[in-house]
Amino acid sequence: MIGENLPALQVILPLFGAIIAALVRRGDIAWLVTLVTGVATLMVAFALLVKVLAGGPISYEIGDWVPPIGIEYRVDVINAYVLVLVSVIAAVILPYARTSIALEIREERRAWFYTMYLLCLCGLTGITITGDAFNAFVFLEVSSLSTYTMIALGRDRRALIAAYQYLIMGTIGATFYVIGVGLLLVMTGTLNLVDLSTRLVEVESTRTVSAALAFIVVGISLKLALFPLHVWLPNAYAYAPSVATVFLAATATKVAVYLLLRFLFSVFGAHFAFGQLVLTPMLLLLSVAAMFGASIVAAFQNNLKRMLAYSSVAQIGYVTLGIALATATGLTGGIVHLFNHAITKAALFLVLGIVFYCAATVRVEDLAGLGRRLPVTMAGFVVAGLSLIGVPGTAGFISKWYLVAAALEKGWWWLAVLVVASSLIAVIYVGRVVEVLWFRAPTETVAAVRDPPTVMVATAWLMVAATVYFGIDTNLTAGVASLAADSLLQGPQ
Amino acid sequence: MNLVQEILAHYNHWITIFLMVAGLYVVVARGNMVKKLVGLSIFQTSVYLLYLSPGKILGGTPPIIGEGYSGYANPLPHVLILTAIVVGVATLSLGLALVVRINEAYGTIEEDEIFETEEQFQPGEDE
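How each quantity is defined
- Residues numbered from 1 in each chain as written.
- Chains lettered and ligands numbered in written order.
- Predicted model: local features only at pLDDT ≥ 70, side-chain atom pairs only at ≥ 80, totals over all residues.
- Heavy atoms only, no water.
- 1 Å grid on protein atoms, 1.4 Å probe; cavity = no way out; pocket = protein on both sides within 12 Å on 5 of 7 lines; lining within 4 Å.
- Points joined across faces, edges and corners; volume = space filled by probe spheres on them.
- Helix = DSSP H or I, 4+ residues; strand = E, 2+ residues; numbered from the N terminus.
- Salt bridge = Lys/Arg side-chain N within 4 Å of Asp/Glu carboxyl O.
- Buried < 20%, exposed > 50% of the residue type's maximum accessible area, 1.4 Å probe, protein only.
- Phe/Tyr/Trp six-rings, centres within 6.5 Å; stacked < 30°, edge-to-face > 60°.
- Axes fitted to C-alpha atoms, helices over the stretch in contact; angles between N-to-C directions.
- Parallel < 35°, antiparallel > 145°, perpendicular 65-115°, else oblique.
- Left-handed = near helix turned anticlockwise from the far one by under 90°.
- Contact = heavy atoms within 4.5 Å.
- Nonpolar A, V, L, I, M, F, W, Y, C, P; charged D, E, K, R; others polar.
- Polar contact = N/O pair within 3.5 Å; in protein donor to acceptor, adjacent residues only side chain to side chain.

1. A look at empty space enclosed by the protein
All names here are of chain A.
Here is step 1 of the chain: Applying the stated criterion across every chain yields a total of 4 cavities of 30 Å³ or more.
Here is step 2 of the chain: Each pocket or cavity is described by its volume, and for the second largest cavity that value is around 120 Å³.
Here is step 3 of the chain: Contributing to the lining of the second largest cavity are 15 residues, with Leu124, Leu140, Ser143, Lys223 and Ala252 lying nearest its centre.
Here is step 4 of the chain: Among the elements that make up the lining of the second largest cavity, the one with the highest residue count is helix H11 (residues 242–268) (6 residues).

2. Here's the deal with the pattern of salt bridges
Opposite charge on two side chains permits pairing when their charged atoms draw close.
Residues and elements named next belong to chain A.
Here is step 1 of the chain: One pass over the full model with this rule turns up 11 salt bridges over all chains.
Here is step 2 of the chain: Arg98 is the partner of Asp28 in a salt bridge, and the nearest nitrogen-oxygen pair spans 3.5 Å. Highlighted residues: Asp28 in helix H2 (residues 27–55) and Arg98 in helix H4 (residues 94–104), separated in sequence by 70 residues.
Here is step 3 of the chain: The exposure class of Arg98 is partly exposed, given its relative accessible area of 36%.
Here is step 4 of the chain: Linking Asp451 and Arg373 is a salt bridge whose minimum nitrogen-to-oxygen distance equals 3.2 Å. Residue Asp451 is located in the loop between helix H20 (444–447) and helix H21 (454–472), and its partner Arg373 is located in helix H16 (residues 370–373); the two are separated by 78 residues in the primary sequence.

3. Observations regarding the packing of aromatic side chains
Residue and element names in this part refer to chain A.
Here is step 1 of the chain: Evaluated as defined, the whole model comprises 17 aromatic pairs over all chains.
Here is step 2 of the chain: Their ring planes at 90 degrees and their centres at 6.1 Å tell us that Tyr237 and Phe349 sit as a pair that is edge-to-face. Linking Tyr237 in helix H10 (residues 233–239) with Phe349 in helix H15 (residues 328–359), this pair joins segments that are 112 residues apart in sequence.
Here is step 3 of the chain: Relative to Trp414, the ring of Trp412 lies with its centre 5.8 Å away and its plane at 25 degrees, an arrangement referred to as stacked.

4. Examining the packing of helix H5 (residues 107–129) of chain A against helix H6 (residues 133–152) of chain A
All names here are of chain A.
Here is step 1 of the chain: Interhelical geometry of H5 versus H6 gives an angle of 155 degrees and a closest axis separation of 8 Å. When the axes of H5 and H6 are compared, the pair comes out roughly antiparallel. Where H5 crosses over H6, the two elements pack in a sense that is left-handed. Facing Phe113, Met116, Tyr117, Leu119, Cys120, Cys122, Gly123, Leu124, Gly126 and Ile127 of H5, the residues of H6 in contact are Ala136, Phe139, Leu140, Val142, Ser143, Ser146, Thr147, Thr149 and Met150.
Here is step 2 of the chain: Taken together, the residues of the contact of H5 with H6 break down into 13 nonpolar, 6 polar and no charged.

5. Describing the interface of chain A and chain B
Here is step 1 of the chain: Facing 38 residues of chain A, the contacting portion of chain B comprises 37 residues.
Here is step 2 of the chain: Applying the counting criterion to the chain A and chain B interface returns 0 salt bridges.
Here is step 3 of the chain: For the interface between chain A and chain B, the tally reads 4 residue pairs in polar contact (both at pLDDT 80 or more).
Here is step 4 of the chain: Taken together, the elements giving at least two residues each to the side of chain A that touches chain B come down to H6, helix H7 (158–188), H10 and helix H14 (304–325) of chain A.
Here is step 5 of the chain: Top contributing element to the side of chain A that touches chain B by residue count: H7(A), with 20 residues.
Here is step 6 of the chain: Residues of the side of chain A that touches chain B, tallied by class, amount to 26 nonpolar, 7 polar and 5 charged.

The structure is reproduced here in structure tokens:
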């Protein structure tokens, strides 16, 4: 009974959890509700992944309405993988969240934060699991609206401006997406993604379908912060509460990337998107611009949260680079980087959350010598920073290895050089922080910082350990990613 | 002559496109945060029209299986747009709530004045 309804539970659990969290009103109890819901959602996601790996795609009919009339939830290797990623991050950071939120958000608003957290989780899992284009829009807005609220809960008044700007940009992106879906509906009369892919073949050569693809790609690109549509991201990450930043940086853009993959490969098909249209050079150009442009800007940031936010824009560039190559190795690299970057950035932002908890600032000049004061915590920053650069033995190396291999496979050695060269800029911005944190004498503020709570350090180190673990054992990450890449390249099934 | 007829025959699409572009222009060109939200709403509303106008068949009947009902219009777009309207209302109300909070925090809702006090948000600083 429960086994059959897993796909629905994946979305309904966080939705109901959110309602309960809103009703209890007390921060601590809401946290407990969130923890229970988060762990349950994680178990469902794991069960789905195991089921899909054993028995192939699962199709679930919502309310027993047969697709394509009814809404279908469809789980295959790639979205089971993304679901596990999202729910792991959501569950693992919760013990950390309690302490951090207690400091950063006022008591009467804490329950609302957890409500928004669960609603955002509901929206993200919904986008990932649904097999219906319009349903994906609704979940996109559920996750976006809750995200704006989470950002606005930041203590700094600039958080309000960041949330407002993100709301404007995010709504334009979602509306572009829905325009594209509308054009597809007019041409095919269906919204079911599988059904769309078969019916699109007949009308593929029309201008309406090309316009639909353009609207959908631009709309989703705004959501995943593809350069130059990333302007909302740095402020949103910098001023949101620390926990919200960790959660968003590790999951929100990744789910948008998944949606893009789904449309480009499963709905339109690689032969159309990359064969008949000129998506490869355009995506390549923007990806390389992101890798260099955003990395260089990151090197000049004083606020560490903003630095990592710009670095996120750069890292998204590597993911879209893998997509642009549209080969098995390239896609594997892109998808595995989705996972590796999520855990690396989560680890880094978790450390920054601890820094903010202890020192009440994340400006680099105020933190000179912090490595000597908090050696365990800041060692985590160094290890995760190495993964961000892509040093062998860390998760970041694996994905860059695949990307370089994919570029060489195509004979584009210059692209391989660019991937390596842009990683060197990461050496500069990570190295600069390491230099200030470890090799300068502690300032008075740093000498006076309080000790970090054990639970926060433990959570951060769990994530840091994951970046090392997945740099050595790649069975789960690269293995599943290459399965997912193969199934995407087979196109519409 | 043909071209004129062609343009007139698709007048619903022209209205849609006009609203879409006008809304987007207001979002970009206005510095007042409430006016920006008005533009955003117009932009979203144009999409309702994009969905609804192809959903109507002239002389079509309600979608009922039975004698005398043929050539019915697809009711799906209307249902979708009901959902989209709800999403639009939620977005607008959240946006207005944020503007209220911004007004409390800064004492103004003009972007230029806020950017003067917060240099992080100046448009040139990002690039």
